[in-house]
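Observations on the model geometry
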4 protein chains.
Amino acid sequence: MAIQSGERVYVYLEDERDFILTIEEGKFFSTHRGNIRYDDIIGKNFGDWVETNKGTKAYLLPPGIIENVFHMRRNSQIVYPKDLGFILLMLDAKEGDRIIDVGLGSGSMSGAFARMVGETGKVFAYDRREDMVQLGTQNLSLWGVLDRVEIKWKNIESGFDEKNVDALFLDVPQPWDYLVQCWEALKGGGRMGVVSPTAGQVMETLRSFHKLPFLQIEVWEDLFRQYKSDPVTFRPYDRMVGHTTYMTFARKVFELYPENTVSRE
Amino acid sequence: MAIQSGERVYVYLEDERDFILTIEEGKFFSTHRGNIRYDDIIGKNFGDWVETNKGTKAYLLPPGIIENVFHMRRNSQIVYPKDLGFILLMLDAKEGDRIIDVGLGSGSMSGAFARMVGETGKVFAYDRREDMVQLGTQNLSLWGVLDRVEIKWKNIESGFDEKNVDALFLDVPQPWDYLVQCWEALKGGGRMGVVSPTAGQVMETLRSFHKLPFLQIEVWEDLFRQYKSDPVTFRPYDRMVGHTTYMTFARKVFELYPENTVSRE
Amino acid sequence: MAIQSGERVYVYLEDERDFILTIEEGKFFSTHRGNIRYDDIIGKNFGDWVETNKGTKAYLLPPGIIENVFHMRRNSQIVYPKDLGFILLMLDAKEGDRIIDVGLGSGSMSGAFARMVGETGKVFAYDRREDMVQLGTQNLSLWGVLDRVEIKWKNIESGFDEKNVDALFLDVPQPWDYLVQCWEALKGGGRMGVVSPTAGQVMETLRSFHKLPFLQIEVWEDLFRQYKSDPVTFRPYDRMVGHTTYMTFARKVFELYPENTVSRE
Amino acid sequence: MAIQSGERVYVYLEDERDFILTIEEGKFFSTHRGNIRYDDIIGKNFGDWVETNKGTKAYLLPPGIIENVFHMRRNSQIVYPKDLGFILLMLDAKEGDRIIDVGLGSGSMSGAFARMVGETGKVFAYDRREDMVQLGTQNLSLWGVLDRVEIKWKNIESGFDEKNVDALFLDVPQPWDYLVQCWEALKGGGRMGVVSPTAGQVMETLRSFHKLPFLQIEVWEDLFRQYKSDPVTFRPYDRMVGHTTYMTFARKVFELYPENTVSRE
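In this text, all values refer to a predicted model and were calculated from it rather than measured experimentally. Residue positions are counted from 1 within each chain, in the order its sequence is given. Each chain gets a letter, beginning with A, and each ligand a number, beginning with 1, in the order they are written. With pLDDT at 70 or above as the cut-off, local features in this predicted model cover only qualifying residues; side-chain atom pairs require 80 or more to be listed or tallied, and sums for whole chains, interfaces and linings still use all residues. Remark: hydrogens and water are excluded; side-chain values derive from all non-hydrogen atoms of the structure.

A look at the interface of chain B and chain D
The interface is formed by 6 residues belonging to chain B together with 6 residues belonging to chain D. Throughout, the accessible surface (probe 1.4 Å) given up by two parts as they are put together, summed over both, is called the buried area. With both chains or domains summed, chain B and chain D bury close to 340 Å², and 63% of this area falls on carbon and sulfur atoms. Put simply, a salt bridge is a Lys or Arg side-chain nitrogen that is within 4 Å of an Asp or Glu carboxyl oxygen. Counting across the chain B and chain D interface gives 0 salt bridges. N or O atoms closer than or at 3.5 Å make up a polar contact, with two conditions inside protein: a donor-capable atom paired with an acceptor-capable one, and, for residues adjacent in sequence, both atoms drawn from side chains. The tally of links between chain B and chain D comes to 0 residue pairs in polar contact (both at pLDDT 80 or more). Secondary structure elements are defined from DSSP: runs of H or I of at least 4 residues count as helices, runs of E of at least 2 residues count as strands, and each element is numbered from the N terminus. Breaking the side of chain B that touches chain D down by element, the ones donating at least two residues are helix H7 (199-209) and strand E12 (214-227) of chain B. Residue contacts follow a heavy-atom distance rule, with two residues in contact if any of their heavy atoms lie within 4.5 Å.

See below:
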């Protein structure tokens, strides 16, 4: 299938610089290595390349979730791919699920959930900031999943509109203030995840979790390390990401008896 | 929705031992903490608990992908959740995708892909061992995704039956022998992933990758660390997984010019 | 120099089991792989081997600090070699230094400091538990460094007997209670280190550090990963140590002005 | 003891920039935050501060091994403190030891060994590059340990001049070429360490180690992670060092029988 006008293309230059372009007939895109004419791209296939007017090769690839996340417009901290894949698994996000996402932010988590829940599922994305609601809406629209996301400009203090959701993701500065509301929105056995950058936030969140009927409360962090891909010098890169966030997970049950809880206060 | 006979239930005991049970009227399951009568479970809701005949509480939860992977019958090394989530993202597995999985093994990767591709996608799972084909088939059937997976008892040396697949996952001892076949099966811009436990395997695989038109060749590993979830003693656990596998990723292009490749031989 | 009666020998069996033995003429040591006669060892050189009466080879090696630490009698948590080397560097422990060690415990840190300070330095080791004082004394005597360590059975609440020490190491459950006393004992520019297993302890310790004239307050942790030493299967071991302790370091200055401190309370 | 002319002082500015200065009467040092007059420093104590002529505080501290390593003149890759402390322990470097260091490079490892071996020990430092011999000599002289180090401008292919050394450290691009020579120089039970940045180097080195009578062949790497020292935001820094080197260790024995070696070729 040849690339058409209006299509989004992930362009990867020889020097490893990359962009996502929306192809428009007659226009061009300007890079530090010369201009790329969109008309050169139209009719090519993914996997082909075109040249800039300065002779640099530009490979044409379909953009995926990782490229979308790294190239989206954003004004908030994002959940990195290294954490995102694990969160989607731990929340067991899948076709048909109804999932709450707080806060919407730039929309990347809601976008990831929307991919998972398919046509038959739904994502309910809350944010109390109007600018985030606008930006998130734009990004979700761009990725073509806006119809699966119900966006709510709303504070969650007084609770969620939904009941019996399969999973709930909480990315707010003070998650401990909202765990009762989360418990109420989840179905029995439902899964929730919380991300917090600092140790103090996790400890405070754990204190709240242990007062409520949640099971399998787990805290994780991860370190991802990239290696040089040249076989002769195969070794990790000198520098790596040292920290993004702690991830806390738990599952709702209806009752939890004192005798099997740890350090309940 | 009350739990019914025939349903699969993830049972989590007070002492953190866990099982996946398929409920059958009139029967019971025997644990080290007493028997669980299935008739006690029928009619309960997920999130409820029942008691063994020795008074131990058993929480009833819906099994998800992670529980399925850890509790499946297997006779091969599995891809761990810590790696699995990242691989699904890097391969951009999503609704409608056509994905090749080699080898099928116990079926966990094919099962994970099947969840991602939805009703409209397809997984093509190859294995040259008959026992694996049988076991993988059993597990995929148990998880209810067998209709999305086309299982092939077949050696891949002479290539794949499919063309233009979106993604391809290779978990074999000598991946470098099959990269040409993989390239041929992938669509332009398609993504492939390879897992290998040893450094020598990765280096050999990289040598082969660099001889072919693949772009964005990346090697990753990850360390996941769990923390004690008691806020008072919040700290990582003493022991952790030190290594599972290296993960190598690449994207197919149609041509790649010598001047932009690294250490091409 | 042949091994003599009375000497300590690190014995490493073919199957990787190891022991430190003090050689006594006419006696023997019993292992799961047979007995080792001490008379066989006497007269051998380090680097030689002897056989047990069941034919297992036992290599004879001089014990070093790591073997001493792992084979000492102990009734407390030890500082692991992975952390120990870094602590010795960060405290700049060296010939001629006067160093305070709290608590003495089984004596391994005091033993390590004693090696560093040489004939001209001194270690002052405090512990409030009599059993620790006894055990630490025994171990330091065994390692031949007792003359460099002044052991004090004493609580540090009312301060230290020494002034102007070069370095101070604090391994107690509530380090934040003693930072003023530590500051008083250190010389200007002197270095101190604190080890604490939990995040909460570190945070509390940091709160206290930031109220006092300490500079270059740094917190570190480390992960050490061992690899299989067979070149064919070169890869990290499956399991590793996930956590031992957080290490906090700081240097004493006489005055510190509010404007250059971070989140001073 | 007041700071005197000729003394080396580690200067730490309010903004965390740092320098090592050798104080000379009547002179000054120019920083981005103003000049520091050396006459202001003379007579002050370590732990005091002086002000630049623009009012920035500069703390005066005694330089230690870590400050020396990070502020030395160098034209080679250095062994980082995170690895250095562990290497010193694994080689059991201590008073009275005779230690071989190859290559000398900028002198930091020889300097570290010289601190450990004391007045009664000796370091033998080899380098085949004349410029390194000169630079290493300068740095060791600056640190006041040149009398403990015998520097040799010499290739090690034909072996070492010393026998029965306690430890040997090898930091060369192709360590596998020299293991026989190393074995010959070591005493029975002596320890050696090798650093290599790439996996391929380690594998090649292991192949050579396994052909020789070496015991306890171990390969390690480490990750050190620094945390923000503000208790309110306590968390790891965003970025960290991902890799410096692999460290391979082994101990010499006189004979090693085939039956207890792994993958000997």
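Back to the write-up after that little detour.
Digging into the interface of chain A and chain B
Across the boundary between the two partners, chain A contributes 74 residues, which contact 74 residues of chain B. Counting the surface lost from both chain A and chain B, the interface buries some 6,300 Å², and carbon and sulfur atoms represent 60% of this. When residues of chain A are sorted by the area they lose upon contact with chain B, Leu 89, Phe 224 and Pro 231 of chain A head the list and together hold 11% of the total. Here chain A and chain B share 10 salt bridges between them. The partner of Arg 115 of chain A in a salt bridge is Asp 92 of chain B, with the nearest N and O atoms 3.1 Å apart. Our enumeration of links across chain A and chain B arrives at 32 residue pairs in polar contact (both at pLDDT 80 or more).

Digging into the sheet that holds strand E6 (residues 57-61) of chain D
Residue and element names in this part refer to chain D. When DSSP locates at least two bridges between a pair of strands, those strands are taken to pair. With antiparallel pairing, 4 strands are arranged side by side in an open sheet as E2-E1-E6-E5. In this open sheet, the two edge strands, each paired with only one partner strand, are strand E2 (18-22) and strand E5 (49-51). Between one strand axis and the next, the sheet turns by 30° as a mean value, whatever way the strands run. Note that strand E1 (residues 8-13) and E6 share 4 bridges and pair antiparallel. By the bridge assignment, Leu 13 is partnered in E6 with Ala 58. Fitting a line to C-alpha atoms yields each axis, with helices limited to the stretch in contact; the angle taken between N-to-C directions then spans 0 to 180 degrees.

Section: the packing of aromatic side chains
By convention, a stacked pair of Phe, Tyr or Trp rings (six-membered ring in the case of Trp) has centres within 6.5 Å and planes under 30 degrees apart, an edge-to-face pair has planes over 60 apart, and any other such pair is tilted. Counted by the stated rule, this structure contains 55 aromatic pairs over all chains. Taking 5.1 Å as the distance between ring centres and 85° as the angle between the ring planes, the aromatic pair formed by Tyr 126 of chain B and Phe 160 of chain B counts as edge-to-face. Linking Tyr 126 of chain B in strand E8 (residues 122-127) with Phe 160 of chain B in the loop between strand E9 (149-153) and strand E10 (165-170), this pair joins segments that are 34 residues apart in sequence. You'll find Tyr 126 of chain B and Phe 160 of chain B in the same group, each marked buried. Taking the centre distance of 6.5 Å and the plane angle of 85° together, the rings of Trp 183 of chain D and Phe 254 of chain D count as edge-to-face. With Trp 183 of chain D in helix H6 (residues 179-185) and Phe 254 of chain D in the segment after strand E14 (246-252), this residue pair connects regions lying 71 residues apart in the sequence. Its relative accessible area of 35% is what places Phe 254 of chain D among the partly exposed residues. Every member of this aromatic cluster is reached through a ring pair, and the members are Phe 86, Trp 220, Phe 224 and Phe 249 of chain A together with Phe 86, Trp 220, Phe 224 and Phe 249 of chain B. We note Lys 252 of chain C situated over the ring of Trp 183 of chain C; from NZ or CZ to the ring centre the distance is 4.0 Å. A 1.4 Å probe rolled over the protein chains alone gives each residue an accessible area, and that area as a share of the maximum for its type sets the label: buried under 20%, exposed over 50%, partly exposed in between. Charge-over-ring contacts are defined here by two conditions on Lys NZ or Arg CZ: a distance within 6 Å of the ring centre and an angle within 35 degrees of the ring normal.

Here we look at the relation of the copies chain B and chain D
Each copy is superposed on the other by least squares, with the fit set by C-alpha atoms of residues at a pLDDT of at least 70 in both. Superposition of chain B onto chain D requires a rotation of 180° combined with a translation of 0.0 Å along the rotation axis, giving an RMSD of 0.0 Å. Taken together, these values place the two copies in the relation of a two-fold axis. Considering only C-alpha atoms, the residue of chain B closest to the rotation axis is Ala 199 of chain B, which sits at 3.5 Å. Looking at chain B, 100% of its interface residues are interface residues in chain D too, so the copies touch through the same face.

Section: unusual backbone geometry
Residues other than glycine predominantly adopt negative phi, and peptide bonds predominantly adopt the trans conformation. A cis geometry characterises the amide bond from Val 102 of chain A onward to Gly 103 of chain A, with omega recorded as -15°. Counting through the fold element by element, Gly 103 of chain A comes out in the loop between strand E7 (98-102) and helix H4 (108-117). The phi torsion at Glu 16 of chain A lies on the positive side, around 75°, for a residue other than glycine. Taking the relative accessible area as the measure of exposure, Glu 16 of chain A reaches 57% and is therefore exposed. With a phi close to 50°, Gln 216 of chain D is a non-glycine residue in the positive phi region. Along the chain, Gln 216 of chain D falls in strand E12 (residues 214-227).

Here we look at the domain arrangement of chain A
All names here are of chain A. Segment limits for the domains were obtained from an automatic or database-derived domain assignment. Taken domain by domain, chain A consists of domain 1 (8-63) and domain 2 (67-260). Distance from the C-alpha centre of domain 1 to the C-alpha centre of domain 2: 33 Å. Between domain 1 and domain 2, the residue contacts involve 6 residues of the former and 5 residues of the latter. In total, domain 1 and domain 2 occlude about 510 Å² of area from one another, counting both sides; carbon and sulfur atoms represent 57% of this.

Brief notes about the relation of the copies chain A and chain B
Mapping chain A onto chain B leaves a residual RMSD of 0.0 Å; the transformation is a rotation of 180° accompanied by 0.0 Å of translation along its axis. Residue by residue, 100% of the interface of chain A is reproduced at the interface of chain B, so both copies engage with the same surface.

Some remarks on the environment of Gly 242 of chain A
Residue placement: Gly 242 of chain A occurs in the loop between strand E13 (239-241) and strand E14 (246-252). Residues Gly 242 of chain A and Phe 224 of chain A lie 18 residues apart in sequence; the distance between their C-alpha atoms is 8.6 Å. Those residues in contact with Gly 242 of chain A that sit more than four places away from it in its chain are Leu 223 of chain A together with Arg 225, Pro 236, Tyr 237, Asp 238, Arg 239 and Met 240 of chain D.

Concerning the sheet that holds strand E2 (residues 18-22) of chain C
Residue and element names in this part refer to chain C. One open sheet accounts for 4 strands, arranged E2-E1-E6-E5; its pairing is antiparallel. Both edges of this open sheet fall to E2 and strand E5 (49-51), since each of them pairs with a single strand only. Taken over all neighbouring pairs, the strand axes of this sheet differ in orientation by 30° on average, direction set aside. Taken together, the 5 bridges between strand E1 (residues 8-13) and E2 define a ladder with antiparallel strand orientation. Counted as the bridge partner of Tyr 10 is Ile 20 from E2.

Section: the packing of helix H7 (residues 199-209) of chain A against helix H7 (residues 199-209) of chain C
Describing two packed helices takes the angle between their axes plus the distance from one axis to the other. Where H7 of chain A meets H7 of chain C, the closest approach of the two axes is 10 Å, and the angle between their N-to-C directions is 125°. Considering the angle they form, H7 of chain A stands oblique to H7 of chain C. As for the relative orientation of H7 of chain A and H7 of chain C, their crossing is left-handed in sense. Packed against H7 of chain A, whose contacting residues are Ala 199, Gly 200 and Met 203 of chain A, the element H7 of chain C presents Ala 199, Gly 200 and Met 203 of chain C at the interface. The class makeup of the residues in the contact of H7 of chain A with H7 of chain C is 4 nonpolar, 2 polar and no charged. Angles are sorted into four bins: roughly parallel if under 35 degrees, roughly antiparallel if over 145, roughly perpendicular if 65 to 115, and oblique for all others. Crossing handedness: left-handed means the near helix sits turned counterclockwise from the far one by under a right angle, and right-handed means the same turn made clockwise. Think of it as three bins: nonpolar holds Ala, Val, Leu, Ile, Met, Phe, Trp, Tyr, Cys and Pro, charged holds Asp, Glu, Lys and Arg, and polar takes everything else, Gly as well.

Some points on helix H5 (residues 130-142) of chain D
Residues and elements named next belong to chain D. Given the number of residues in a helix, its expected span is that number minus one, multiplied by 1.5 Å. With 13 residues, H5 ought to run about 18 Å at 1.5 Å a step, and its terminal C-alpha atoms sit 19 Å apart, in line with that. Buried residues belonging to H5 abut helix H4 (108-117), strand E8 (122-127) and strand E9 (149-153). Looking at the residues trailing H5, positive phi occurs at Gly 144, about 75°.

Here's the deal with the pattern of salt bridges
All names here are of chain A. Here the structure, examined in full by the defined rule, presents 92 salt bridges over all chains. Between Glu 24 and Lys 27 there is a salt bridge, with its nearest N and O atoms 3.5 Å apart. Counted as one network, the salt bridges with shared partners bring together Glu 150, Lys 152, Lys 154, Asp 161 and Glu 162.

Section: the confidence of the model for chain A
Residue and element names in this part refer to chain A. The quantity called pLDDT is the predictor's confidence in a given residue, expressed from 0 to 100. With 97% of its residues at a pLDDT of 70 or more, chain A shows a mean pLDDT of 94. When the criterion is pLDDT under 50, residues 259-265 qualifies, and its contacts beyond four places in sequence or with other chains add up to 15 contacts. Model confidence for the complex is summarised by a pTM of 0.95, with the ipTM given as 0.94.

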